Amino acid sequence: VQLQAFGGGVAQAGGSLRVSCAASGRTLSNSAVAWFRQAPGKEREFVAAISWPGRSTSYVDSVKGRFTISRDNAKNTVYLQMNSLKPEDTAVYYCAARGYGMPFVSAQLSDFSSWGQGTQVTVSS
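Here is a short report on the structure shown in this document. Nothing here was measured: the structure is a model prediction, and the numbers come from that model.

Conventions used here
- Residues numbered from 1 in each chain as written.
- Predicted model: local features only at pLDDT ≥ 70, side-chain atom pairs only at ≥ 80, totals over all residues.
- Heavy atoms only, no water.
- Phe/Tyr/Trp six-rings, centres within 6.5 Å; stacked < 30°, edge-to-face > 60°.
- Helix = DSSP H or I, 4+ residues; strand = E, 2+ residues; numbered from the N terminus.
- Buried < 20%, exposed > 50% of the residue type's maximum accessible area, 1.4 Å probe, protein only.
- Lys NZ or Arg CZ within 6 Å of the ring centre and 35° of its normal.
- Pairing = 2+ DSSP bridges.
- Axes fitted to C-alpha atoms, helices over the stretch in contact; angles between N-to-C directions.

**Re the packing of aromatic side chains**
Taken as a whole, this structure holds three aromatic pairs when the rule is applied. Both rings, one in Phe-36 and one in Phe-46, keep their centres 5.8 Å apart while their planes meet at 75°; by these two values the pair is edge-to-face. One end of the pair, Phe-36, is in strand β4 (residues 33–38); the other, Phe-46, is in strand β5 (residues 45–50), with 10 residues separating them in the sequence. According to the relative accessible area criterion, Phe-36 is buried, its value standing at 0%. Measuring from ring centre to ring centre gives 5.0 Å for Phe-36 and Trp-115, while their planes differ by 45°; the resulting arrangement is tilted. Placement of Phe-36 in strand β4 and of Trp-115 in strand β10 (residues 114–115) is noted, with a sequence separation of 79 residues between them. Members of the aromatic cluster, joined through ring pairs, are Phe-36, Phe-46, Phe-112 and Trp-115. Against the face of Tyr-94 rests Arg-44, its NZ or CZ located 3.7 Å from the ring centre. The ring of Trp-115 is capped by Arg-44, whose NZ or CZ atom sits 5.1 Å from the centre of that ring.

As structure tokens, then:
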């Protein structure tokens, strides 16, 4: 499956952005999907994940209550709604999908076989 992340941009602290991840090549059915992020000079870190078909979600503690991951299975797209943004949320955001038949959430990079190209999110103070 090919993933394309888009929708990043610049927001002020306290603002909101929504990033999207569109899949092509095959559907995201039976696959969990996650968002990771990587700030300059730092390792890529888990942000949020959603199971198939979307009943379970998982978040890193630093975004709980501010970010919401969701999926539109008819559109083969996963979203990350980011509210109350902070400067420390600045990073390149990547979406990733697990293989077919792996519907459960995970926070481990190695569990995800397909990756998008990333979209930049910048939060100014």
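Now, onward.
**Side note on the sheet that holds strand β7 (residues 67–72)**
One open sheet holds the four strands; their spatial order is β1-β3-β8-β7, and the pairing between them is antiparallel. In this open sheet, the two strands that pair with only one neighbour each are β1 (2–6) and β7. Across the sheet, the mean angle separating the axes of adjacent strands is 15° when strand polarity is ignored. Pairing of β1 with strand β3 (residues 17–24), which is carried by five bridges, proceeds in the antiparallel orientation. When the sheet's bridge partners are listed, Ala-5 is paired in β3 with Cys-21.

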